[in-house]
Amino acid sequence: MALPSPSFLLGLLVLVYFSTFVFFAILRIVTGISIQRIGPSGLRRIHFTLREGVRVDIRGLGLSIHRPTFAQPTWFSVILSELQVTIDLKTLGGKARKRSSLDKKINGPAHEPNGSADVESNTSSGDEKADNSGACVQRSRTWERLTELKEKIKRLHRKIQWIRMVDLVATTSTCVVLDVGSIQVGNFTMTVDTRRATVDRSRLFQHKKASPGSQQPAQWLLVVRGLLFTPEGKDSMEILDYFTLNVHGLLYKELEGLRDASVAVKLGRLNLPYDDIKACVDRATRQRMVYRRRGTDSSESNIPVTDTLGELVVPKSREEAIIQTVSDSKEFISSILRGIQEIQFAVSFFGFSKDIRVVEASGLPIYLNMSMKEVGFDLLRMDPKSPAHR
């Protein structure tokens, strides 16, 4: 059998390359994900809408294969270049307003009384049922969201033998909020290390080591370098030069998730311009409020009547729902803190600046600057059986 000629292989390669454009066109029609082409290092020019008002643009998505080293123990690197997330608060505000109005229309009749006689006759016997049902619904919604997030993290550790082979690298990632400002990250890396020799010899978390039995150490490492903040209409400023998050824990064969966790957070030079941050927050809040006022019509003006009648039937129902939500959140946070053995926090330099509004003859602004160096603390959970705890 004769070998194919180079011209045939070249033509076949060109045909496969052009067929990718047809595949990308079908993918865009079906899923809404737009991919321009395939480059030497991977996919190029990826665009899609995560939800209404949130657009994601990726210049390049590639996969790099390398040998594992001491500093980089993975085999593959997923590289994102120039990731940009654009958020339109006006669209998000309108979407949230429509969703809330739809929920009220759907759930409103369940809370409305059938008549004045029914309200008077069922007020005494229905308050307790309404309170219990409202609390259960509010608790179920909050608890489902928090529990779902927790279960996703647990399921993530089930595939730790595959995740440890891949690390994520993102360069020049930007989050843009229209008419407010933007935040840019120069470099972002995330990896997990399960090597017993390197993890157990770390300087951090020497109080707990993995036994050679059914335990396996795992250490998540997240590094952020070059955090730039750009208010709308102003120059960019570096508010943080580097940030590291280290989560160390143990994996058990009979248990799910990361156990006996220890968290270390370290920051370099942190500078907070109070006036610029507050101006961006106020501008974002004002945009959403203005859009909601413009989108309000006469048909939605009758929606709060159901809430008012429900408040008459069940006094203080809104306050109890808020209290229940806060209680569920505290319970969820406390359940996470019970599994953390140690928390370390350190900042090499912290700066804070604020403009003081003082009328001066020269008209020059006066700034208040505060700074601290080498700030840190270490919180360690004590053993209840130890004499020091008693």
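This one's a predicted model, so the numbers in the text were calculated from it and none came from an experiment. (Residues numbered from 1 in each chain as written. Predicted model: local features only at pLDDT ≥ 70, side-chain atom pairs only at ≥ 80, totals over all residues. Heavy atoms only, no water.)

Draft legend 1. Region of interest: the nonpolar core. Ranked by size, the top nonpolar core spans 21 residues in total, and within it Leu89, Val180, Leu240 and Leu267 carry the most contacts. Of all elements in the fold, only helix H2 (89-111), strand E7 (215-231), strand E8 (237-252), strand E9 (259-273), helix H6 (274-295) and strand E10 (340-356) reach the threshold of two or more residues within this core. Apart from residues lying up to four places away in sequence, valine 180 is in contact with Leu89, Pro231, Glu232, Cys280, Arg283, Ala284 and Gln287. The next biggest cluster of nonpolar side chains, apart from the first, holds eight residues, and it includes Phe24, Ile35, Val56 and Leu83. (Core = buried A, V, L, I, M, F, W, Y, C linked by side-chain atoms within 4.5 Å. Buried < 20%, exposed > 50% of the residue type's maximum accessible area, 1.4 Å probe, protein only. Helix = DSSP H or I, 4+ residues; strand = E, 2+ residues; numbered from the N terminus. Contact = heavy atoms within 4.5 Å.)

Draft legend 2. Representation of the pairing of E10 in the model. When E9 meets E10, the two strands line up parallel, connected through 12 bridges. Note that in E10 the partner of leucine 272 across the bridge is phenylalanine 352. In terms of strand pairing, E10 meets strand E11 (residues 366-380) through 14 bridges, oriented antiparallel. Its bridge partner being in E11, isoleucine 356 is matched across the sheet by isoleucine 366. (Pairing = 2+ DSSP bridges.)

Draft legend 3. Representation of a nonpolar patch on the surface. A cluster of nonpolar side chains, namely Leu10, Leu13, Val14, Tyr17, Phe18, Phe21 and Ile38, defines an oily patch on the protein surface of about 640 Å² accessible area. Among the elements that take part in the nonpolar patch, helix H1 (residues 6-31) stands out by supplying six residues, more than any other. Mapping isoleucine 38 onto the fold places it in strand E1 (residues 34-39). Isoleucine 38 sits in the partly exposed class, given a relative accessible area of 34%. (Patch = residues over 30% accessible without salt bridge, like charges linked within 9 Å, V, L, I, M, F, W, Y side chains within 5 Å. Areas by Shrake-Rupley, 256 points an atom, 1.4 Å probe, with all protein chains shown as cover. Salt bridge = Lys/Arg side-chain N within 4 Å of Asp/Glu carboxyl O.)

Draft legend 4. Region of the structure containing the confidence of the model for the chain. The pLDDT averaged across the chain works out to 76; a share of 71% of its residues lies at or above 70. Here helix H7 (residues 303-313) stands out as the least confident element of the chain, with mean pLDDT 47; strand E5 (residues 166-177) is the most confident, with 93. Segment residues 109-138 is flagged for pLDDT under 50; beyond a separation of four residues in sequence, or across chains, it makes 18 contacts in the model. A low-confidence stretch, residues 296-309 stays under pLDDT 50, and its non-local contacts, those more than four residues away or across chains, total 11 contacts. (pLDDT = per-residue confidence, 0-100.)

Draft legend 5. Representation of the packing of aromatic side chains within the structure. For the coordinates displayed, the defined rule picks out six aromatic pairs. On the basis of an interplanar angle of 85 degrees and a centroid distance of 5.3 Å, the ring pair of tyrosine 17 and phenylalanine 21 is categorised as edge-to-face. Here the residue tyrosine 17 and the residue phenylalanine 21 both occupy positions in helix H1, the gap between them amounting to four residues, near one helical turn. Residue classification places tyrosine 17 among the partly exposed residues on the basis of a relative accessible area of 33%. With centroids separated by 5.9 Å and ring planes inclined at 50 degrees, the aromatic side chains of tyrosine 274 and phenylalanine 352 adopt a geometry described as tilted. In this pair, tyrosine 274 sits in helix H6 while phenylalanine 352 sits in strand E10, placing the two residues 78 residues apart along the sequence. According to the relative accessible area criterion, tyrosine 274 is partly exposed, its value standing at 32%. Assessed through its relative accessible area of 23%, phenylalanine 352 is described here as partly exposed. (Phe/Tyr/Trp six-rings, centres within 6.5 Å; stacked < 30°, edge-to-face > 60°.)

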